[in-house]
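Listed below, chain by chain, are the residues.
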Amino acid sequence: MRRAIELALTAQFRTDPNPVVGAVLVDGSGRTLAEGFHQKAGAPHAEVVALERFESVPEDAILFVSLEPCNHHGKTPPCTELILKKKVKKVVVGCLDPNPQVSGRGVARLRENGVSVSTGVCETECRDINRVFNKHIVTGMPYVTAKAATSLDGKTAMASGESQWITGDLSRVRGHMLRSQHQAIAIGRQTLMDDNPRLTDRYSAHPYQPVRVVYASGGNIPFKSYFVVDKQTRRVLIAGSGISGNMEKKLVAEGVEVMISPDKRPSVIWSLAQLYKAGICSMLIEGGSELIGSAIREQAVDQLCLFISGKIIGDWQAKAWSGYLGIEKLSQVPHLSLDQVEKIGEDLMLTCYFPNV
Ligand code: AOF
Ligand code: ZN
């Protein structure tokens with residue numbers, strides 16, 4: 001199963017909206033007969049790749065697969081039928097498929113047909129390699145990561161607004177990698193005005209450039225910003241009901257997709273539902289603290305990547321990355337699980353998960 005996970009991860013960030021999946025076929029003495037993994041949406045599933053060269057598998061063969069085999073017709077036919085056709089007698093499954101179209105039915109179908117199926121082997125690892133898939137397939141909303149670069153005391157800028165740079169060059173390279181690991185990247189209007197970021201991944205070799213998303217309730221953003229001028233990727237503006245028809249028309253003429261909420265101030269949850277309908281399964285929020293704060297208040301954030309430098313800003317007026325959450329009791333504040341610490345140059349990168357991820 002560990003090998004199946006390793007295989008699955010070779011396609012990490014390349015299979016959206018599908019999960020990463022690995023499969024290994026071994027004989028009775030544990031010798032590997034074949035391997036496979038899911039390469040991208042629309043391509044054959046891991047089991048299909050592992051089983052394709054067999055008319056029927058040897059009598060004692062065991063198929064290890066990191067995710068429950070599917071039992072439905074999606075872009076490809078059900079893997080359960082193939083497993084039965086190739087006469088696999090024993091299947092070991094990492095975790096069940098949370099996809100409501102599958103969720104236990106794959107395992108049931110195999111068992112009904114006399115296949116011996118064990119489940120829950122390396123279950124946590126098999127589940128956690130698909131955090132994006134697990135969220136979007138169940139909720140119909142993209143997986144959201146908030147990213148911030150902060151001082152040791154959690155500030156993102158001096159009180160004056162001066163912010164370049166709090167963390168080092170290597171953290172910025174890592175931040176760019178995070179961009180292409182998400183399907184969309186979002187900022188608030190203030191960050192657009194302050195930093196005019198390009199919102200592209202200019203360091204890692206990953207071929208995918210994320211969709212750029214800007215939240216601006218009033219819809220008024222500068223036409224000279226990179227967001228409007230640079231047309232190399234899809235751009236979405238999330239606006240409130242107050243946006244002027246003229247502004248909307250001008251942005252659309254520049255190729256920007258404009259999503260207008262029925263409310264004056266679009267809620268993050270509303271926007272996520274719209275973005276999911278537009279094909280986005282994961283989104284990185286890069287700031288500012290107001291947008292991140294709104295997203296946390298609405299319980300819309302799944303993961304936090306915090307780049308922390310050794311600098312102390314030490315000013316009451318300087319903003320913290322998390323914005324204002326308006327919670328009075330310690331028992332009610334969000335309590336994240338601190339999952340990973342990486343040393344990046346002179347900085348640290350913390351990866352944390354919000355509850356229920
Ligand atoms: C598997 N093995 O390697 C993958 C599975 O549209 P399709 O046909 O590619 O089906 C996609 C769904 O199939 C996806 O939502 C998930 O439930 C399952 N993915 N299943 O048995 C695989 N990638
Ligand atoms: Zn399948």
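Residues numbered from 1 in each chain as written. Chains lettered and ligands numbered in written order. Predicted model: local features only at pLDDT ≥ 70, side-chain atom pairs only at ≥ 80, totals over all residues. Heavy atoms only, no water.

*Asks:* Describe the coordination of the zinc ion (ligand 2), with residues and values.
*Replies:* Of the protein atoms, only His45 (ND1), Cys70 (SG) and Cys79 (SG) coordinate the zinc ion (ligand 2), at distances of 2.0 to 2.2 Å. Classification of the site at the zinc ion (ligand 2) as tetrahedral follows from its four donor atoms and the range of 101 to 118 degrees in their angles at the metal. Each donor residue of the zinc ion (ligand 2) lies on the same chain, and together they follow the pattern H-x24-C-x8-C. On the basis of relative accessibility, which here comes to 4%, the residue cysteine 70 falls in the buried class. (Donors = N, O, S within 2.8 Å, 3.2 Å for Na, K, Ca; no water. Tetrahedral: all angles 85-135°; square planar, octahedral: opposite > 155°, others 65-115°. Buried < 20%, exposed > 50% of the residue type's maximum accessible area, 1.4 Å probe, protein only.)

*Asks:* Would you mind going over the site of ligand 1 in detail, with residue names and values included?
*Replies:* Residues in close proximity to ligand 1 total 19 residues, the closest being His45, Glu47, Lys75, Thr76 and Asp97. Aspartate 97 is positioned such that a nitrogen or oxygen atom in its side chain is 2.5 Å from an oxygen atom of ligand 1. Here an oxygen atom of ligand 1 sits 2.9 Å away from a polar atom, N or O, in the side chain of asparagine 99. The fraction of the free accessible surface of ligand 1 (520 Å²) that becomes covered by protein chains is 96%. (Near = heavy atom within 4 Å. Polar contact = N/O pair within 3.5 Å; in protein donor to acceptor, adjacent residues only side chain to side chain. Areas by Shrake-Rupley, 256 points an atom, 1.4 Å probe, with all protein chains shown as cover.)

*Asks:* Quick one: what's the story with the domain arrangement of the protein chain, residue by residue and with numbers?
*Replies:* What the domain assignment reports for the protein chain is domain 1 (2–131) and domain 2 (140–353). Taking only C-alpha atoms, the centre of domain 1 and the centre of domain 2 are 36 Å apart. The interface is formed by five residues belonging to domain 1 together with eight residues belonging to domain 2. Summed over the shared surface of domain 1 and domain 2, the number is zero salt bridges. When grouped by side-chain class, the residues that make up the side of domain 1 that touches domain 2 number two nonpolar, no polar and three charged. (Domains from an automatic or database assignment. Contact = heavy atoms within 4.5 Å. Salt bridge = Lys/Arg side-chain N within 4 Å of Asp/Glu carboxyl O. Nonpolar A, V, L, I, M, F, W, Y, C, P; charged D, E, K, R; others polar.)

*Asks:* With reference to specific residues and values, describe the pairing of strand E9 (residues 235–239).
*Replies:* Extensive coverage of E9 is indicated by the burial of five of its five residues. Burial along E9 is two-sided: Arg235, Leu237 and Ala239 and Val236 and Ile238, pointing in opposite directions, are all buried. Where strand E8 (residues 211–215) and E9 come together, four bridges link them in parallel fashion. What sits directly across from valine 213, in E9, is valine 236. One ladder, built from four bridges, connects E9 with strand E10 (residues 257–260); its direction is parallel. (Helix = DSSP H or I, 4+ residues; strand = E, 2+ residues; numbered from the N terminus. Pairing = 2+ DSSP bridges.)

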